[in-house]
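Now for the letters of each chain:
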Amino acid sequence: MKETTLLQSLNIPGLGSNVTASVIKKYLAKAETELRKSHTSGASGREITSSYTRLIDNLLGGLFRSISKEIDGAEKDTALVALGGYGRGELNIRSDVDLLLLYRKKITPAIEELTQRILYLLWDAGLDVGFSIRTVEESINLAKDDVKTMTSLLDIRFLFGDRGLFNTLNREKRKRLFNRRRVKGFIEDKILEGSKRREKYGGSVYILEPNVKEGEGGLRDVHTSTWILKAKFNGEEIPRLLTDKEEEELEDSLDFLLWLRNELHFETRRKMDQLTFDHQERVAGLLGYEKTEEALPVEAFMQQYYRHASAISHLSNLMTSRLLKKPRKKLLWPYKKLRIDKDYIIARGLLCSTGDDIYENDPVAMIRAFEYSQVFDVDIDQTTRDLILMNLNRVDDDLRTSTDVSESFIKILRGKGVFRTLSLMHELRFLERYIPEFGDITCKVQHDLYHIYTVDTHTLFAVRELERLKDLYRKEFPLLCTLYEEVENPEALVLAIMLHDIGKSMGKGHSNKGAKLVPQICRRLDLSEDTTNLVIFLVASHLLLADTAQYRDLHDEKLVINFAKKTGDIERLNLLYILTFADVRAVGPEIWNNWKGTLFQELYFKALNVLERGSFELPDTVRKVKRVKENVKQILPDVNKEEVEGYFQLLPARYFLSNTARSIAEHLKTTKTLQGRPYVMKVTQDRERRLTELVICTYDLHGLFSMITGVMAANSVNILNAQINTLKNGIALDILQVNNVFGDLITDESKLREIERDLLNVLTGKADVGEVVGKMKPSLLDKKPRPKVPTRVLIDNDVSDTYTVIDIHAQDKLGLLYTITSTLTRLGLYIHISKISTKGEEASDIFYVRDIYGQKIVDRGKLKEIVDSVYSAIEKKGA
């Protein structure tokens, strides 16, 4: 519907003294209904905000004029002024309508009555109105001491009343607030304010649930740049700071965000600026995105959002930078200059180009700007940045295959400060032009709580983690720092990290898909065959170490040998270990922990041992167990040697190879203390790995581990790893590595007593474990909308010679582990090893199981029953 038609259809007949709040409420409701129809029919964000602004103008105009006529002297010497988004003419649905009533000398009874009648009608009608009443002098004086008020005066728009009074405010504002003396301080305040705002709302464009107004890349970024421009030029004509293409891009992105904000406000019927997971999925469907091999609908939509938000952030900063940059003459003269070559000099700590046509004559010079910026540790001045942006079209196939360019790029990868340099190349959009495959993952999002950043941002952060191994991490990660120092070909490792996730632009199986893209990139970079093969290996295998360490039994010698075979040699193992560290650390601030670090290091050393001995044969298990036994005897001189011999006959070899001699000695002593008691629980705090170890010794019964998991779940204890052992004399010895909900040690004595009490009640039959678990109450965080995780139940009968491995991936939820273990118990399965990992909202629970006869499960019918039963139990739990 056209705006004029809409306005006509919404006129309030006979508007005057008899108008009521209910009449206005109906007017606003009808307006919102009609505007939403236009919105869903394809109207742009600008069209809706403009229409809504005019509708409010129409309402206020009718009220102001009709009520003013009824109050003698009300309209004289007063002016109604719009502020904020309403003043800018981009009023989103359900947003605040900010108003200023100007008066000349004093508030008369007529002005008071006018104000009260208008405001009470608007408030009673449900309109959110921000209102202030001041003289011109009061407005100016308040603004001098309050940046927020000073800013609001940049967006004033005359509505009704005395235009001369409004003009006086405008004139005084320019003269007394935004003069040369004050404007510099205002601009500095706005820049600082913007920095604090962005930090408050996540500090990045690429956060999981962005705020479309206040977050980085949100509408407020454009507002801030515009305020700075208005303040700087103070009523004079503002020069163009963006090219036609840049202006078009900014307007397109701004319109998208206005449309999105309208949609959020329409749907929630309130001011709602956070794009939460549930709204992301809903809007993706609304915009017609469909599932493809490459991405879910919501992922495609969020990639579009991030591209627009990134454009707004980039172009808003660009406007401000161009406005505030120093004129080239002042920059270059009379200060000292360092000439680097014919195209570049360094002046006042900035890298400057020597002419405006250098890239027309020699496009290769573009990459040298980044190389020199890195080598001399200086920033690139704004004029040179603009030249690069304007000449990106010259980054073509000839330049991508240029030997000179590739040499500069390799120097950058090998040099110091590579993260800063690559980030600058990405910011100026050179990187995605030079390596188009990297451009395909720009703003690429994964719809989960684990991957906090977009793929391109994560990749650059991984390079930063690698770089920190040179100095920052020397005390915290000495082994990794030493290994990195010994890397002979650091540029290959940096390139592998840059390319490790490029396959994500093509959907599932990104490791292998990305590896297939590597040869063409390496050919363009003129890399050797050996270097190319190394990068291919690292990209194809970048998940191998992490997945093996977290989801498989590291005490399985066959598994470790096969892993070592896949790495091939010590150099590749070292590089894979370093890459895995950088990759996981860069996922998010809370993702890396000491437990993961310990698992990765354990697998690294075990594989290193295999490669160093130069044999992929299985070691002599009997000899190794005998050596462990002798060590235990030495640790326990007061224990009868026959008793130690007897203990070694009660458990399989795997137990003795999975635990240290000192731990085995402690376990032996624990079993001796059982002696008719229902159970014994020993607690050990492992401060290095930030976990608590619980050794639970009791008499074995079917479903024991399920009972234990139920008790732990009821007490908000996370199980990270579990080793379930049954002695031949009927005693169960379960070893659990656990932590609390904050990922830390469980040191609270009262919490430990609660765990012991619940274990006692469940093991003695005083309480049913199902009822104990049923008392658990979900937290507020559990009720918050989260991305959905499809349930997957997979069987692996190849990875182990003695166990069937069940891989379960599902939505992390209250009591999930108990649901799974109790189901496996009902199926007659015996759990021997359990490894639990959580990535955001996805739980990965891995179980090594055998049947009642102690055998792997090979019957297809039984395997299908396991998969179907576990899947149904999880889905029923989530229903």
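Residues numbered from 1 in each chain as written. Predicted model: local features only at pLDDT ≥ 70, side-chain atom pairs only at ≥ 80, totals over all residues. Heavy atoms only, no water.

(A) Up close: the overall build of the chain. Per the secondary structure count, the chain includes 41 helices and 16 strands. C-alpha atoms of the chain, sized along the principal axes, occupy 110 × 75 × 50 Å. Taking all 879 residues of the chain together, the buried fraction comes to 55%. For the chain, restricting intrachain contacts to residue pairs at least 6 apart in sequence, the fraction spanning at least 24 positions comes to 72%. (Helix = DSSP H or I, 4+ residues; strand = E, 2+ residues; numbered from the N terminus. Buried < 20%, exposed > 50% of the residue type's maximum accessible area, 1.4 Å probe, protein only. Contact = heavy atoms within 4.5 Å.)

(B) Up close: helix α2 (residues 21–40). Here α2 is 20 residues long and its end C-alpha atoms lie 28 Å apart, about the 28 Å a rise of 1.5 Å per residue gives. Among the residues of α2, A21, I24, Y27, L28, A31, E32, E34, L35, S38 and H39 are the ones counted as buried. Just downstream of α2 lies G42, where phi reads positive at about 115°. (Expected span 1.5 Å × (residues − 1).)

(C) Molecular detail of the pattern of salt bridges. Under the criterion given, the structure shown has 62 salt bridges. The salt bridge involving R282 is made with E263; its shortest N-O contact spans 2.5 Å. Linking R282 in helix α12 (residues 277–286) with E263 in helix α11 (residues 244–268), this pair joins segments that are 19 residues apart in sequence. Look at R282 and you get partly exposed, because its relative accessible area is 24%. E427 is the partner of R385 in a salt bridge, and the nearest nitrogen-oxygen pair spans 3.1 Å. (Salt bridge = Lys/Arg side-chain N within 4 Å of Asp/Glu carboxyl O.)

(D) Main features of the pairing of strand β14 (residues 804–811). Here β14 lies mainly inside the structure; eight of its eight residues are buried. Two strands pair when backbone bridges link them, and β14 and strand β16 (residues 842–850) are joined in this way by eight bridges, in the antiparallel orientation. When the sheet's bridge partners are listed, A810 is paired in β16 with A843. (Pairing = 2+ DSSP bridges.)

(E) Spotlight on the sheet that holds strand β3 (residues 129–134). Spatially, the four strands line up as an open sheet ordered β3-β2-β1-β4, and their pairing is mixed. The open sheet has two edge strands, β3 and β4 (157–161), and neither has a second partner. When strand polarity is set aside, the average angle formed by the axes of neighbouring strands in this sheet is 25°. Strand contacts of helix α5 (residues 109–124): β1 (78–82), β2 (97–103) and β3, with the helix running at about 175° to β3, the strand carrying the most contacts. This element, helix α8 (residues 163–176), spans β1, β2 and β4 of the sheet and lies at about 100° to β2. (Axes fitted to C-alpha atoms, helices over the stretch in contact; angles between N-to-C directions.)

(F) Fine view of the environment of L752. Summarising the element assignment, L752 is placed in helix α37 (residues 749–763). Its relative accessible area of 8% is what places L752 among the buried residues. Distance from L752 to N715, taken between C-alpha atoms, is 9.1 Å for residues 37 residues apart in sequence. Excluding residues that lie within four positions of it along the chain, L752 makes contacts with M681, V683 and I746.

(G) Molecular detail of the side chain of E371. Note that E371 resides in helix α16 (residues 365–375). The residues contacting E371, other than those within four sequence positions of it, are S408, K411 and I412.

(H) Representation of the nonpolar core. Counting residues in hydrophobic clusters, the biggest one holds 170 residues, and the most contacted among them are Y305, F409, L422, F430 and M498. The dominant element in this core, judged by the number of residues it contributes, is helix α13 (residues 297–324), at 11 residues. What Y305 contacts, discounting residues up to four positions off in sequence, is P210, N211, V212, F256, L257, L260 and L275. One finds L817, Y818, I866 and I874 within the second-largest nonpolar core, a separate group that totals 49 residues. (Core = buried A, V, L, I, M, F, W, Y, C linked by side-chain atoms within 4.5 Å.)

(I) Representation of the sheet that holds strand β9 (residues 679–686) in the model. The strand order across the open sheet built from eight strands is β9-β10-β12-β11-β15-β16-β14-β13, with neighbouring strands paired in antiparallel fashion. Unpaired on one side and paired on the other, β9 and β13 (792–796) mark the two borders of the sheet. Sheet twist, expressed as the average angle between the axes of neighbouring strands with direction ignored, equals 15°. Bridging between strand β15 (residues 830–839) and β16 involves nine bridges; their strand directions are antiparallel. Note that in β16 the partner of Y830 across the bridge is R850. Where helix α36 (residues 704–714) meets the sheet, it contacts β10 (691–699), β11 (718–726), β12 (731–739), β15 and β16, and its direction lies at approximately 30° from that of β12. With respect to the sheet, helix α40 (residues 816–826) is in contact with β11, β14, β15 and β16, its orientation differing from that of β16 by roughly 25°.

(J) Representation of the packing of aromatic side chains. Here the structure, examined in full by the defined rule, presents 27 aromatic pairs. Centre to centre, the rings of Y453 and F461 are 4.8 Å apart; their planes meet at 85°, and the pair counts as edge-to-face. Of the residues examined, F461 reaches a relative accessible area of 17% and is grouped as buried. Their ring planes at 85° and their centres at 5.3 Å tell us that Y473 and F477 sit as a pair that is edge-to-face. (Phe/Tyr/Trp six-rings, centres within 6.5 Å; stacked < 30°, edge-to-face > 60°.)

(K) View of the packing of α12 against α13. Packing of α12 against α13 brings their axes to within 8 Å, and their N-to-C directions diverge by 90°. Classified by the interaxial angle, the pair formed by α12 and α13 is roughly perpendicular. Residue-level inspection shows Q280, E281, V283 and A284 of α12 in contact with α13, the latter providing P297, V298, F301 and M302. A per-class count over the contact of α12 with α13 returns six nonpolar, one polar and one charged. (Parallel < 35°, antiparallel > 145°, perpendicular 65-115°, else oblique. Nonpolar A, V, L, I, M, F, W, Y, C, P; charged D, E, K, R; others polar.)

(L) Local environment of a nonpolar patch on the surface. Residues L338, V375 and F376 make up a contiguous nonpolar surface patch of about 270 Å² in total accessible area. Within the element layout of this structure, L338 appears in strand β5 (residues 337–339). (Patch = residues over 30% accessible without salt bridge, like charges linked within 9 Å, V, L, I, M, F, W, Y side chains within 5 Å. Areas by Shrake-Rupley, 256 points an atom, 1.4 Å probe, with all protein chains shown as cover.)

(M) Here's a closer look at unusual backbone geometry. In this structure, R269 is a non-glycine residue whose phi angle is positive, near 60°. The residue R269 is located in the loop between α11 and α12 in this model. Judged by relative accessible area, which is 52%, R269 ranks as exposed. With phi around 55°, D377 is a residue other than glycine that occupies positive phi space.

(N) Layout of the pairing of β9. Of the strand pairs in this sheet, β9 and β10 are connected by eight bridges, and their pairing is antiparallel. Bridging from a neighbouring strand, Y679 pairs with T698 of β10. Two successive antiparallel strands, β9 and β10, enclose a turn made up of four residues, where R690 displays a positive phi of approximately 55°.

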